[in-house]
Amino acid sequence: MRIVLLGAPGSGKGTQGQRLMQHLRIPQISTGDLLREAVARETELGRRAQADMHAGRLVADEIVIEMIHQRLAQPDTTAGFILDGFPRTRPQAAALDVLLEKIRQPLDKVVNLDVPDAEIISRLLARGRVDDTEATIRKRLEVYAQQTRPLLDYYRAEGKLAIVPGVGLVNEIFDRIIAAL
Ligand code: AP5
Ligand code: MG
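None of the values given here were measured: they were computed from a predicted structure. Residue numbering note: each chain is counted from 1, following its sequence as written. As a convention, the first chain written is A and the first ligand written is 1, with the rest following in written order. This being a predicted model, a pLDDT of at least 70 is required before a residue's local features are given, and a value of 80 or more before pairs of side-chain atoms are given or counted; all residues contribute to the totals for chains, interfaces and linings. Think of the side-chain values as coming from all heavy atoms in the structure, minus any hydrogens and water.

Under the scheme used here, helices are H or I runs from DSSP no shorter than 4 residues and strands are E runs no shorter than 2 residues, and both carry numbers assigned from the N terminus. Its location among the elements puts Val59 in the loop between helix H3 (44–55) and helix H4 (61–72). Sequence separation of Val59 and Arg48 is 11 residues, and the distance between their C-alpha atoms is 8.4 Å. We call two residues contacting when some pair of their heavy atoms lies within 4.5 Å. Setting aside residues up to four positions removed in sequence, Val59 forms contacts with Leu35, Ala49, Asp52, Met53 and Val64.

The next point concerns the sheet that holds strand S4 (residues 109–114). Paired strands, as defined in this entry, are two strands with at least two bridges between them according to DSSP. On the basis of which strands lie adjacent, the open sheet formed by 5 strands has the order S2-S3-S1-S4-S5 and parallel pairing. The sheet terminates laterally at strand S2 (28–30) and strand S5 (161–165), the two strands that pair on one side only. Between one strand axis and the next, the sheet turns by 25° as a mean value, whatever way the strands run. Note that S4 and S5 share 5 bridges and pair parallel. Considered in S5, the bridge of Asp114 is made with Pro165. Running over the sheet, helix H9 (residues 170–180) touches S4 and S5 and is turned about 160° from S5. Only the stretch in contact is used when fitting a helix axis, every axis being a line fitted to C-alpha atoms; angles between N-to-C directions are given from 0 to 180 degrees.

What follows is the structure, encoded as structure tokens:
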């Protein structure tokens, strides 16, 4: 299975991605986690990404596209993968299509976890990652609405979109995702 988790910040992509990884035995690939790793290791890429992440802006398309390109070339992805937080822009979605077409592995499903903004803000303030300040959370929500939400129409048109209500117990939401797949 090749799955994209497309929800807003704090909608539960990471939480549900982990569950799906165990259940389906395919890797969860989070561009946010990969970027945070690069920042922690103080690589050139990490240095370039850090300020954008801190401010809640998207990192440049070419950086994340190259990261995904390299990650999907790893042998553990041949049976499938769960993309968490990628794609987030039209150019990223287009690049992913080209990449998957080349290896003849089209996406099976795109899951959008639907969670109201107020719930997202309270979840993220409670978590407290470095980018979980109120100002940065608001910026991330704004960026999601402007740049990522339009991808819902893109995947709906391809007949791949599933909208899953993302409020409730983690287990309940997981069952909804499995049903949608
Ligand atoms: P990224 O790391 O992807 O962050 P995000 O999209 O803002 O989402 P989060 O990781 O905060 O939330 P999540 O949806 O994974 O939810 P989680 O399961 O953690 O990106 C960070 C930054 O990196 C971006 O701002 C950007 O700068 C950059 N970046 C990343 N990808 C990029 C890309 N493709 N292009 C350009 N830039 C990119 O849950 C959140 C909290 O809620 C947790 O505390 C969790 O325990 C809790 N929770 C989960 N489920 C529930 C539930 N059902 N009920 C109650 N609480 C719950
Ligand atoms: Mg996450």
